[in-house]
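Notes for the structure review
Chain residues, written in single-letter form:
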Amino acid sequence: MKALREAVASGRIRHRAVKDELRENLITRLRAGGPLFPGLIGYDDSVVPHVSNAILSRHNFILLGLRGQAKTRLLRALTTLLDDEIPVMPGCPLHDDPLAPLCAACRAQLAAEGDDAAIAWLPREARYVEKLATPDVTIADMIGDVDPIKAARSGRELGDELTMHYGLLPRSNRGIFAINELPDLASKVQVGLFNILQEGDVQVKGYPVRLRLDVLLVFSANPEDYTARGKIITPLKDRIGSEIRTHYPRTRQDAMQITAQEAWLDRRSPASGGTPIEVPPFVREIVEEIAIHARADQKIDRRSGVSQRLPITALENVVSNAERRALLAGEAVVVPRVSDVYASLPSLTGKIELEYEGELKGAEVVARELVRQAVATVFDGYAAPTDARPIVEWFDRGGTLELSDTTPAAELLGAVDAINGLDRVAAALGGRERDAEPLRAALADFVLEGLCALKKISRSDEGRLLGTPGNARPQSRPDPRDLGQMLEDDDDGSPVKKRKKYYN
């Protein structure tokens, strides 16, 4: 204890409140430059500056956003702004400061041992406490209560301060306490947070003792619930210092970075034979476009949002379908195709909440249409400079193709070899003759699925690709001028002058 006092007096160990600690460490990091919260993509110019302002203001704050917007990830990243470790009283549930203890037991220990009292060191990871709010959370869970068993074992009166059982909030003393989905807390529990947010203390039921806690409180909530008409108590809302809005990725590139960071794609292991996985860029883009289209679709409930988990799980499912095909066909590399995206519908239907119109159509129909729109958008961007008319004409002249998501690469390439112009379009999109068969097959599949999505060619109920009925080449018809001449000719073929013409 004496050594700790000397270290604090000399400045070797900083002694400060947790909000000051976060503020000063943030200032140091801002001066050094670089990302404040590595791993959070797309928030550098929007959410992160607001969070920084809240910390610099020493505010308790709340993150408002729809599901899948990295709210919890951002709250957990706050621990990177804490010191590596701090001194605490050993075994104290409040992580008491040895120089300013709160609980009666620590005060008694220091009075008895003085400078000989032992101290412990608490790492930054142990200073973050998180609670998912549910309606069954009680004041005792959150703040604390009388512990009759503790009183009986120690032979103390129930009114003795040493018989307290501390809840989660006191146990987060000298750290960060996060509550996810704040409006789901019962009203009386929300009332119990008033004092800690404004006066900085709590009172455990049955004790005339106010614990002045040193804690940063952070929350998350859905904007729909965080209103006067929702489940939040207005006085609690008024006591929260900053209200910060989160959002979905604003560009396709940001979304692709997030999905690449979070999706489980590195599956090489001894059990799988170490088969490498190559995901073409257009497949990644299509998967992200599904979520982008879903967020703008009138058949999907926008208040619920479309989580960023949708493209993450979809891409994992796409790769799994390609992996299954490669294993069955004995291919050396796993290359997902656009047809694998259609096979990932089970990972899409559970991620969207439908409006009434969508319920009438069904989740699978809506999801399939979203995939089609995404394929059309991405293919249109890739193939805009190319001329795909020879491919369309090949199908309009009666050409058909039977392919599925399980067709091996060699078989697919052999089937499309007869299609005029397909190799030229594939080459314009980046295909090369020296590429492995699975890569060339994925590109050919992209061209065909793209034309199908743009409705240049059609697909039968059995999955066969064929020409669009409206684009079928018509049979030769007589020229209208010849028809007019026929009307003017007499039955014997001789011309009749000044005959009146009738047109339907």
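Residues numbered from 1 in each chain as written. Predicted model: local features only at pLDDT ≥ 70, side-chain atom pairs only at ≥ 80, totals over all residues. Heavy atoms only, no water.

Turning our attention to the packing of helix H18 (residues 363–383) against helix H22 (residues 437–453). Running from N to C, H18 and H22 point in directions that differ by 115°, and their axes come no closer than 8 Å. As judged from the angle between their axes, H18 and H22 are roughly perpendicular. Crossing hand, H18 versus H22: left-handed. In contact with Arg-372, Val-375, Ala-376, Val-378, Phe-379 and Tyr-382 of H18, H22 contributes Phe-446, Val-447, Glu-449, Gly-450, Leu-451 and Ala-453. (Axes fitted to C-alpha atoms, helices over the stretch in contact; angles between N-to-C directions. Helix = DSSP H or I, 4+ residues; strand = E, 2+ residues; numbered from the N terminus. Parallel < 35°, antiparallel > 145°, perpendicular 65-115°, else oblique. Left-handed = near helix turned anticlockwise from the far one by under 90°. Contact = heavy atoms within 4.5 Å.)

A separate point is the confidence of the model for the protein. Of the residues in the protein, 88% reach a pLDDT of 70 or more, and the chain-wide mean stands at 87. Counting contacts from residues 474–478, a segment whose pLDDT is below 50, to residues more than four positions away or on other chains yields 0 contacts. In the model, residues 480–504 has pLDDT below 50 throughout and makes 12 contacts with residues more than four positions away in sequence or in other chains. (pLDDT = per-residue confidence, 0-100.)

The two faces of strand S1 (residues 61–64) match: Phe-61 and Leu-63 on one face and Ile-62 and Leu-64 on the other face are all buried. Here 4 bridges tie S1 to strand S11 (residues 242–245), and the two strands are oriented parallel to one another. The partner of Leu-64 across the bridge, within S11, is Arg-245. (Buried < 20%, exposed > 50% of the residue type's maximum accessible area, 1.4 Å probe, protein only. Pairing = 2+ DSSP bridges.)

Here we come to the pattern of salt bridges. The tally for this structure, following the rule as stated, stands at 25 salt bridges. Between Glu-24 and Arg-16 there is a salt bridge, with its nearest N and O atoms 2.5 Å apart. For Glu-24, a relative accessible area of 26% translates into the label partly exposed. Note that Glu-285 is salt-bridged to Arg-252, the shortest N-O span being 2.4 Å. Of this pair, Glu-285 sits in helix H13 (residues 281–296) while Arg-252 sits in helix H12 (residues 252–262), placing them 33 residues apart in sequence. Overall, Glu-285 belongs to the buried group, its relative accessible area being 12%. Here Arg-252 falls in the partly exposed class, since its relative accessible area comes to 23%. What emerges from the salt-bridge pattern is a single network uniting Arg-14, Arg-16, Glu-24 and Asp-83. (Salt bridge = Lys/Arg side-chain N within 4 Å of Asp/Glu carboxyl O.)

As for its position among the elements, Thr-407 is in the loop between strand S12 (401–402) and helix H20 (409–416). Judged by relative accessible area, which is 6%, Thr-407 ranks as buried. Side-chain polar atoms of Thr-407 contact the backbone nitrogen of Ser-404, separated by 3.0 Å. In this structure Thr-407 touches Arg-325, Arg-337 and Leu-412, once residues within four positions along its chain are discounted. (Polar contact = N/O pair within 3.5 Å; in protein donor to acceptor, adjacent residues only side chain to side chain.)

Let us now look at the sheet that holds strand S13 (residues 457–459). Read across the sheet, 3 strands follow the order S12-S14-S13 without closing on themselves; strand pairing throughout is antiparallel. Of all strands in the sheet, those bounded by a partner on one side alone are S12 and S13. Looking at chain direction, S12 and strand S14 (residues 464–467) are connected through 2 bridges and run antiparallel. Across the sheet, residue Leu-401 finds its bridge partner in S14, namely Leu-465. The strands that helix H19 (residues 389–396) touches are S12, S13 and S14; relative to S14, the one it contacts most, it runs at about 95°.

With parallel pairing, the 5 strands of this open sheet are ordered in space as S4-S7-S10-S1-S11. Unpaired on one side and paired on the other, strand S4 (128–132) and S11 mark the two borders of the sheet. The mean angle between the axes of side-by-side strands here comes to 20°, regardless of whether they run parallel or antiparallel. Strand direction decides the pairing type here: S1 and strand S10 (residues 215–221), joined by 4 bridges, are parallel. Across the sheet, the residue bridging to Ile-62 is Phe-219, located in S10. Contacts from helix H2 (residues 18–32) reach strand S7 (175–180) and S10, with the element oriented near 75° to S10. Together, S1 and S11 form the strand contacts of helix H3 (residues 47–56), whose direction differs from that of S11 by roughly 170°.

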